Amino acid sequence: MVGASDRTLSRLFRHDLGMTFPQWRTQLRLHRALVLLADGAPVTIVAHRCGWSSASTFIDVFRRTFGNTPGAHLPRRPPGPAGQAIEFAAEVVSHQGRGVPSG
């Protein structure tokens, strides 16, 4: 127990972080998904490990947020591990300013 109503906590969360709890949760899940995709995990596995009930829902949220499908973020073998890490880090940085839909 916190001693505050759900509405008060929601308002404080939004005030302090600039987003709702569902938006924050989605942003956290998408960040974890980027890490797993960078490690080469299959899209379906990533979707379930990050809390989506279906791969199609995950793909939809991912596409709305980043502008392409999770498959586009799977590692490409030629650059090697260091090149992949740099590529994914650049991708994350380039998308940090975008809003994240709730989901």
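What counts and how
- Residues numbered from 1 in each chain as written.
- Predicted model: local features only at pLDDT ≥ 70, side-chain atom pairs only at ≥ 80, totals over all residues.
- Heavy atoms only, no water.
- Helix = DSSP H or I, 4+ residues; strand = E, 2+ residues; numbered from the N terminus.
- Buried < 20%, exposed > 50% of the residue type's maximum accessible area, 1.4 Å probe, protein only.
- Contact = heavy atoms within 4.5 Å.
- Areas by Shrake-Rupley, 256 points an atom, 1.4 Å probe, with all protein chains shown as cover.
- Core = buried A, V, L, I, M, F, W, Y, C linked by side-chain atoms within 4.5 Å.
- Salt bridge = Lys/Arg side-chain N within 4 Å of Asp/Glu carboxyl O.
- Phe/Tyr/Trp six-rings, centres within 6.5 Å; stacked < 30°, edge-to-face > 60°.
- Lys NZ or Arg CZ within 6 Å of the ring centre and 35° of its normal.

Undergrad: Is there a simple way to explain the overall build of the protein in this structure?
TA: For the protein, the helix and strand inventory stands at five helices and zero strands. Along its sequence from the N terminus, the protein presents helices and strands in the succession α-α-α-α-α. Each of the 103 residues in the protein was classed as buried or not, and the buried ones make up 26%. Sequence-distant contacts in the protein: of pairs separated by 6 or more residues, those separated by 24 or more amount to 49%. Accessible surface, the protein as shown: approximately 6600 Å² in total, 59% of it carbon and sulfur.

Undergrad: Looking at this structure, I do not really get the nonpolar core. What am I missing?
TA: A general trend in soluble globular proteins is that nonpolar side chains are found buried together. Core analysis: the largest hydrophobic core is formed by 15 residues, its most contacted members being L30, V46, C50, W52, F58 and F62. The set of elements that each furnish at least two residues to this core consists of α2 (21-38), α3 (43-49) and α4 (55-66). Of all the elements, α2 adds the most residues to this core, at five residues.

Undergrad: Whenever I open this one, the pattern of salt bridges confuses me. Can you help?
TA: The tally for this structure, following the rule as stated, stands at one salt bridge. A salt bridge links R64 to D60; the shortest N-O distance between them is 3.3 Å. Of this pair, R64 and D60 both sit in helix α4, four residues apart, roughly one helical turn.

Undergrad: Where do I start with the packing of aromatic side chains in this structure?
TA: What describes a pair of aromatic rings is the distance from one ring centre to the other and the angle between the planes of the rings. Scanning all chains against the criterion turns up six aromatic pairs. With a centroid separation of 5.0 Å and an interplanar angle of 50 degrees, the aromatic rings of W52 and F58 are classed as tilted. Clustering of aromatic rings is evident, with ring pairs tying together W52, F58, F62 and F66. Sitting over the ring of W52, R29 keeps its end group 4.0 Å from the ring centre.

Undergrad: Please explain the environment of A41 as it appears in this structure.
TA: Relative to the helices and strands, A41 resides in the loop between α2 and α3. Classification of A41 by relative accessible area gives buried; the value is 13%. Sequence spacing of A41 and P75 is 34 residues, and the spatial spacing of their C-alpha atoms is 9.3 Å. Not counting residues up to four positions away in its chain, the partners in contact with A41 are L36, V46 and L74.

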